[in-house]
Structure formats: C-alpha cells, structure tokens
Amino acid sequence: MTETVGIDRMGFYTPDMYLEMTDLALARGEDPAKYHVGIGQDKQAVIPPTQDVVTMAANAAAQILTPADKAAVKMVLFGTESGIDNSKATAVYLAHLLDLPADTRAVEIKQACYGATAGLQLAADYVRARPTAKVLVIGADIARYGLHTAGEVTQGGGAVAMLVTAQPRMLALEPVSAYHTADVMDFWRPLGRTEALVDGRYSTNVYLDFFKTVWTAYQAQTQRTIADFAALTFHIPFTKMGLKALRQVLPEATPDQQVRLQAAFEASQLDNRNVGNLYTGSLYLSILSLLRHGHLQAGDRIGCYSYGSGAEGEFYSAIVQPTFRQGFDDERLTALLANRHAVSVAEYEALFTQRLDLSGRDVQLPIGEVSAQYYLAGRHQQQRLYRQRAVD
Ligand code: CAA
C-alpha cells in the first residue's frame, strides 16, 4: 500500500509591524484604489533589521515542532530567495537555533519564489520512501524591490514552516504533479544586489503562461477537470496576480462551481492581502489562509500553482484531511496578525535602509523592543549574532 504523505503541521511568522497601503499610495502620488483594488494589497509587512530569513523561519518552525518531532526530523529544506550567505545554508543556522539532532540533512534551495515547492516535493518523496522520518520545509523571504519603484507595493516578508510526514493531519499530497522550466529574464538579483531587478508586466505574463502550461499538463496526466477541485490556490506576490490566474480557468467551470471557486479564492488571499509578498512562502501562506478562512471539508481536493521567476512553474494537488484544523494554531495566527502595529512611511523607509549592509563591519542592533522569540542582535567579525528569548 502506498503511504499517505503530506503536510502535517504549518506555522507562520511575520514581524510585528506593517505599512498601510493607503499611506504608501498617498506618499507615492498614487490613487489608493490602485493599490487596494488594482494590485489587491491592504497592508505590507515591514521587516526590522533584527529579523532575517533565519530568525523568521525559526519563529515559524518553533510554533509547530514538539520534542518528538525534533527527534524525528531527518532533513531541513529551506527555500529562500533572500539567503544570508553565498556559501553556508540558512538551514544549518536554523537547525542549530531549533536544536535539531545532528543526524539531520540541512540544505538551502534557491529558485526565486519556487524553492519551498521544490522542498515540499523532495520532502514528500523522501518520506514516501521512509515513512517514520519527518522533514521540515521552510519558505522564508524578505521581498525587496526598492523605495519608489513600481514593485514597492508588492514587497513584504515572513516565513512559513511545514512539517512533512506520513499520515499527515492537514493535507495529503497527491503524487502527480506537472512542472515546467524555461530560461526567462523576468526577475533576478545578481550577486551583490539587495533589491531585485524585474520586468514587472513581463513577469505577470510569464506567470500566467506557465500556469496555463502546467494546468493543461496536469489535466492531461490525470484526466481531471476543474470540476474535481474545491479550491485553486496560487503563488500570490500580490493578490491580483492570483485572481488573474483564476480568471484564466474559471470559464471551464459551471456557474455554481465558479461561485465556489471564487469564494475559496477570497478566503485564500485574506492573509496575503494583509502581509504582502513572501516570495517562496506566498503560496503556502495562501493555502494556510484558505484552510483558516474557507469552508473546506475532509476529502476536498485543492490545486496549488507555484511559480518562481527565472522561471519554474508547477501545479500539484492535495486532499484535505479530516483533522486539518489540528495542524495549525488558528488563535495564535489571528493574534500574530492583529497585534502588529502600523508604521509611518518615514519609519518604513528608515527600516528599509537599516538592514545589515554588505560592508561586513561589526554592528550592534537595537534589541530593546524586540518581541520575537528568535532575533538578530548584530554582526561581529562577519558572523551574524542570533539570539533567543525565553518565552512563556
Ligand atoms: N483604481 C483601481 N485600479 C487601478 C487604478 C485605480 N485608480 N489605477 C490602476 N489600476 C489597476 C490597473 O488597471 C492594473 O490592473 P490590471 O493589471 O488588472 O490591468 C493594476 O492596477 C496595476 O496597474 P499598473 O499595471 O499600471 O501598475 P504598475 O505599472 O505600477 O505595475 C506591477 C504593477 C507590474 C505589478 C508592479 O507592481 C511590479 O513590477 N511588481 C513586481 C513584479 C511582480 O511581483 N511580479 C510577479 C511575478 S514574479 C515573482 O513572483 C517574484 C519571484 O518569483 C521571486
């Protein structure tokens, strides 16, 4: 018998401050409706210098790992576009911060916003072959396009942590999946640059073309149609992007199915709309948002479209498990988002430039008001100083 394998638990972390998109629009001379409706974003996470992808991942993963899980984790796969070292993997720092056993493989996966999906699929294959093992998969990023750029409204940041196991509580991954790679220059970040280079409209078109390609290939492999899905979820660097993808395939559904898929999409973009772009974590925050706010039932099939510029696209599916609500802490996630505070545009601009620069000089960061469990205290002799606060 083939083992059921998939996502057992999901954790999410984003820092405790955000920027209102109305404030950003007014500061940039834009109509706020362009950002709220045209782009589809309400709030954007602002990342203080005391958080990087390692600390955000640790803050997300610490929510879901029990001591028994830690003992069973055999691999950490860390998807990120915004790693902190050209050589050493973020996953190694993370395994140390989480106090994972030494007989763990820990590696980083890079392919723009697609890395976490590669991690998830590799993890699932690994667990199918070794059903007692668990794999920790991370999608963590800080999306940076730059101040006063067209992409500024599509920034954000945070981390999603997923525990992949046999007999998962949340989502069983179906083994079929369709993927597509082509060498495309729609978004890239040459070494030494802290902000992405992007051809925004071109990247939107490539994203939509890749979706059509992998959706068609998935249907050909499985003989399934849109009628087989209770929800379609998307990589959503900004929520309008997912809506555009959904609109491409909605005409394939009956009117009743269209209503259901649109309602599911609404649920799947709620949290992303209030956090902004997570790059690799965006699809996974959207799946979490769907499970939190949607009306799914055990046995429902959800479709998942992952896209990473450069470019790689993949469409796969998962089945909602009867115990899916046990896989995340809904109250905690609601509190995490509700307890953030707004910063002004001036404060956001200052924080945007205060991140650790590339000079390598020693830095001591102000940590007086840090609320996160894991944080960055500074840099000494070219090494990041990670710290952990005791939590209640
Ligand atoms: N009221 C309502 N809507 C309005 C409006 C108003 N007053 N004014 C404009 N709009 C609408 C426009 O009609 C448009 O809607 P449609 O796309 O449906 O036509 C929308 O707002 C955006 O308007 P513009 O295209 O004029 O906006 P822009 O030129 O400022 O650029 C953008 C928008 C191209 C998305 C830009 O924000 C950008 O470059 N973002 C970054 C690129 C990106 O995120 N690409 C995603 C794939 S790549 C990726 O995900 C990264 C990865 O792999 C790591």
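What you see is a predicted model; the values in this text were computed from it and never measured. (Residues numbered from 1 in each chain as written. Predicted model: local features only at pLDDT ≥ 70, side-chain atom pairs only at ≥ 80, totals over all residues. Heavy atoms only, no water.)

Student: Teacher, can you tell me more about the domain arrangement of the protein here?
Tutor: As a measure of interface size, the accessible area lost when the parts come together is often cited. When its domains are assigned, the protein resolves into domain 1 (5-170 + 328-388) and domain 2 (172-324). Computed from C-alpha atoms alone, the centre-to-centre distance between domain 1 and domain 2 is 20 Å. The partner domain 2 presents 49 residues to the 59 residues of domain 1 that form the contact. Across the domain 1/domain 2 interface, buried area totals approximately 4,500 Å², and carbon plus sulfur atoms make up 57% of it. At the boundary of domain 1 and domain 2, one finds four salt bridges. Where E195 meets R144, a salt bridge forms, and the shortest distance between an N and an O atom there is 2.7 Å. Our count for the domain 1 to domain 2 interface comes out at 35 residue pairs in polar contact (both at pLDDT 80 or more). (Domains from an automatic or database assignment. Contact = heavy atoms within 4.5 Å. Buried area = accessible area lost by both parts, 1.4 Å probe. Salt bridge = Lys/Arg side-chain N within 4 Å of Asp/Glu carboxyl O. Polar contact = N/O pair within 3.5 Å; in protein donor to acceptor, adjacent residues only side chain to side chain.)

Student: Would you mind going over the site of the ligand with me for this structure?
Tutor: Taken together, 26 residues are adjacent to the ligand, and C113, R201, S203, H235 and K244 come closest. The side chain of Y145 places a nitrogen or oxygen atom 3.4 Å from an oxygen atom of the ligand. With respect to the ligand, the side chain of H235 contributes an N or O atom lying 2.7 Å from an oxygen atom. Within the complex, the protein chains bury 74% of what would otherwise be the 1,100 Å² of accessible surface of the ligand. Breaking the shell around the ligand down by element, the ones donating at least two residues are helix 2 (32-39), helix 7 (200-222) and helix 8 (239-249). Broken down by element, the residue count for the shell around the ligand peaks at four residues, all from helix 2. Looking at the shell around the ligand residue by residue, the class counts come to 13 nonpolar, eight polar and five charged. Composition of the shell around the ligand by domain shows at least three residues from each of domain 1 (5-170 + 328-388) and domain 2 (172-324). (Near = heavy atom within 4 Å. Areas by Shrake-Rupley, 256 points an atom, 1.4 Å probe, with all protein chains shown as cover. Helix = DSSP H or I, 4+ residues; strand = E, 2+ residues; numbered from the N terminus. Nonpolar A, V, L, I, M, F, W, Y, C, P; charged D, E, K, R; others polar.)

Student: Where do I start with the side chain of E152 in this structure?
Tutor: Within the secondary structure layout, E152 lies in the loop between strand 6 (134-143) and strand 7 (156-166). Judged by relative accessible area, E152 falls into the buried class, the value being 2%. Looking at E152, its side chain comes within polar contact range of the side chain of R28, at 2.7 Å. Those residues in contact with E152, other than ones at most four positions away along the chain, are L24, R28, Q44, Y145, G146, L147 and Y348. (Buried < 20%, exposed > 50% of the residue type's maximum accessible area, 1.4 Å probe, protein only.)

Student: Can you walk me through the pattern of salt bridges in this structure?
Tutor: Oppositely charged side chains may form a pair once their charged atoms are brought near each other. Summed over the entire model, instances satisfying the criterion amount to 18 salt bridges. Linking D52 and R384 is a salt bridge whose minimum nitrogen-to-oxygen distance equals 2.8 Å. One end of the pair, D52, is in the loop between strand 3 (43-45) and helix 3 (53-61); the other, R384, is in strand 17 (residues 383-388), with 332 residues separating them in the sequence. Residue D357 is joined to R361 by a salt bridge in which the shortest nitrogen-to-oxygen separation is 3.1 Å. Counted as one network, the salt bridges with shared partners bring together R28, E152 and E349.

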